[in-house]
Amino acid sequence: MLELNKVHKLDVMEGMRQLEDNSIDLIITSPPYNKAGLNGHKKPILKTKGRKGRATNTTVTYGGDHSIDCMDEEKYQQWQIDFLNECYRVLKTDGSMFYVHKNRISKHVSHSPYEFILKSKLILRQEIVWDRESDMNQANVRFNPTTERIFWFTKEAKSPRFKLQRDGKTQIKEVWHIIPDYRNPHPAPFPLEIPNNIIPHVAQGERITILDPFMGSGTVALAAKQNNCDWIGFDLFDEYIQMTNNRIKN
């Protein structure tokens, strides 16, 4: 087992293969969405007429590398199926995975993550809607998209380790109204409220092990530490590994 409470500089699949079977209690993560790749682009396409006149991208550049969000779509979907199957392997039998993704538009057709997630070994338990309340990708040809999906997977078709902690501090409905973390310098962060909405119900006061294979700016690691849990994750970019270490330290 790799060292806990550390971001390992490893490719996600390489890192996953170094984790033991049935070793992780909870996975919370969000992969690159491949929005540009879905539209056949090999690099970001800058738009100059964004919200309030600001430029927007059709894709996200991670650590200066735009290829991560510009994959051939068929290759991307197979990558995600393989990744989800690795998550299935490392999860404990009563474990859960919360996978953040979204519907993507290509040539006036909406493509759902269901196109590939149901081809994995994981069992879909619930779909949570994250209402971001705003979005940069506005157009006059459709209602403004402001939601992403949080797919809750389990390893078996039975109740996982989970009990709602009704303390009045976390949301317990399946639609979460949470604004994005605009202060985070990472190009595609999700807010701390998302893992903090999940961890207490799974941990139930115990020190469980939480994995974020796409660690990014370390939001899941920080939430794990706040909830007195162990964590582990992977990232290829030094600046994001340092970002996570700084957030944990501070």
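It should be emphasised that the depicted structure is a prediction, and the values quoted were computed from it without experimental measurement. (Residues numbered from 1 in each chain as written. Predicted model: local features only at pLDDT ≥ 70, side-chain atom pairs only at ≥ 80, totals over all residues. Heavy atoms only, no water.)

Trainee: Looking at this model, I keep getting lost on the overall build of the protein chain. Mind explaining?
Mentor: Broken down by element type, the protein chain carries seven helices and twelve strands. Each of the 250 residues in the protein chain was classed as buried or not, and the buried ones make up 52%. The contacts of the protein chain with a sequence gap of at least 6 include a subset with a gap of at least 24, amounting to 73%. For the protein chain, the accessible area works out to roughly 12,700 Å², and carbon and sulfur atoms hold 48% of it. (Helix = DSSP H or I, 4+ residues; strand = E, 2+ residues; numbered from the N terminus. Buried < 20%, exposed > 50% of the residue type's maximum accessible area, 1.4 Å probe, protein only. Contact = heavy atoms within 4.5 Å. Areas by Shrake-Rupley, 256 points an atom, 1.4 Å probe, with all protein chains shown as cover.)

Trainee: Whenever I open this one, the pairing of strand β5 (residues 91-101) confuses me. Can you help?
Mentor: On a regular strand, each side chain points to the face opposite its neighbour's, so the side chains alternate between the two faces of the sheet. Counting buried positions over the eleven residues of β5 gives eight, a clear majority of the element. One ladder, built from six bridges, connects β5 with strand β9 (residues 147-154); its direction is antiparallel. In the sheet register, Ser96 faces β9, and the bridge partner there is Thr154. (Pairing = 2+ DSSP bridges.)

Trainee: What should I look at first to understand the confidence of the model for the protein chain in this one?
Mentor: When pLDDT is low, close inspection of the predicted coordinates is not appropriate. Predicted confidence across the protein chain gives a mean pLDDT of 87, with 85% of residues reaching 70 or more. In this model, residues 46-57 is a region of pLDDT below 50 whose contacts with residues beyond four sequence positions or in other chains number 18 contacts. (pLDDT = per-residue confidence, 0-100.)

Trainee: Is there a simple way to think about the pairing of strand β8 (residues 123-131) in this case?
Mentor: One ladder, built from eight bridges, connects β8 with β9; its direction is antiparallel. Among the inter-strand pairings, Gln126 is bridged to a residue of β9, identified as Trp152. Of the pairings in the sheet, the one linking β8 to strand β10 (residues 175-177) comprises three bridges and is parallel in character. Looking at the pairing, Trp130 lines up with Trp176 of β10.

Trainee: Looking at this structure, I do not really get the packing of aromatic side chains. What am I missing?
Mentor: The geometry of an aromatic ring pair is captured by the separation of the ring centres together with the interplanar angle, meaning the angle of the planes. What the rule picks out here adds up to ten aromatic pairs. Look at Phe83 and Phe214: their rings are 5.1 Å apart centre to centre, the planes differ by 70°, and that puts the pair in the edge-to-face class. A residue pair is termed long-range when its members are at least 10 positions apart, and Phe83 in helix α3 (residues 73-90) and Phe214 in the loop between β11 (209-212) and α6 (219-226) qualify at 131 residues. By the burial criterion, Phe83 is buried, and Phe214 matches it. Judged by centre distance (4.7 Å) and plane angle (50°), the ring pair of Trp152 and Phe162 falls under tilted. One end of the pair, Trp152, is in strand β9; the other, Phe162, is in the loop between β9 and β10, and ten residues separate them in sequence. Classification of Trp152 by relative accessible area gives buried; the value is 5%. In this structure Phe162 comes out as partly exposed when scored by relative accessible area, which is 28%. Taken together, the ring pairs in this structure connect Tyr76, Trp79, Phe83, Phe116 and Phe214 into an aromatic cluster. Positioned above the aromatic ring of Trp152, the side-chain terminus of Arg125 is 5.1 Å from the ring centre. (Phe/Tyr/Trp six-rings, centres within 6.5 Å; stacked < 30°, edge-to-face > 60°. Lys NZ or Arg CZ within 6 Å of the ring centre and 35° of its normal.)

Trainee: Could you clarify how one ought to interpret α6 in this entry?
Mentor: Side chains of residues three or four places apart in an α-helix project in the same direction, reflecting 3.6 residues per turn. Of all eight residues in α6, six are buried, a share of seventy percent or more. Of all the positions in α6, only Thr219, Val220, Ala221, Leu222, Ala223 and Ala224 are classed as buried. Looking at the buried side of α6, the elements it contacts are β2 (24-29), α5 (193-203), β11, β12 (230-234) and α7 (238-249). Positive phi appears at Asn228, one or two residues downstream of α6, with a value of about 60°.

Trainee: What is the right way to look at the environment of His41 in this model?
Mentor: Inspection of the secondary structure puts His41 in the loop between α2 (35-38) and β3 (46-47). Each C-alpha atom of the pair His41 and Asp72 lies 8.8 Å from the other, and the pair is 31 residues apart in sequence.

Trainee: Would you explain the environment of Phe83 in this entry?
Mentor: Note on Phe83: relative accessible area 0%, which makes it buried. For the pair Phe83 and Pro213, spaced 130 residues apart in the sequence, the C-alpha separation amounts to 9.4 Å.

Trainee: What should I look at first to understand the pattern of salt bridges in this one?
Mentor: A side chain of one charge can pair with a side chain of the opposite charge if their charged atoms are brought near each other. If you walk through the whole model with that rule in mind, you get eleven salt bridges. Its salt-bridge partner being Asp21, residue Arg89 comes within 2.6 Å of it at the nearest N-O pair. Here Arg89, found in helix α3, pairs with Asp21, found in the loop between α1 (12-17) and β2; they are 68 residues apart in sequence, far enough to count as distant. On the basis of relative accessibility, which here comes to 48%, the residue Asp21 falls in the partly exposed class. The network of salt bridges with common partners includes Asp21, Glu86 and Arg89. (Salt bridge = Lys/Arg side-chain N within 4 Å of Asp/Glu carboxyl O.)

Trainee: Honestly, the packing of α5 against α6 in this entry has me stumped. Any pointers?
Mentor: A pair of packed helices can be characterised by two numbers: the angle between their axes and the separation between those axes. Across the interface, α5 lies against α6 with an axial gap of 9 Å and an inter-helix angle of 40°. One finds that α5 runs oblique with respect to α6. Relative to α6, the crossing made by α5 is right-handed. Where α5 approaches α6, its residues Pro195, Asn196 and Ile199 are matched on the opposing element by Thr219, Val220, Ala223, Ala224 and Gln226. (Axes fitted to C-alpha atoms, helices over the stretch in contact; angles between N-to-C directions. Parallel < 35°, antiparallel > 145°, perpendicular 65-115°, else oblique. Left-handed = near helix turned anticlockwise from the far one by under 90°.)

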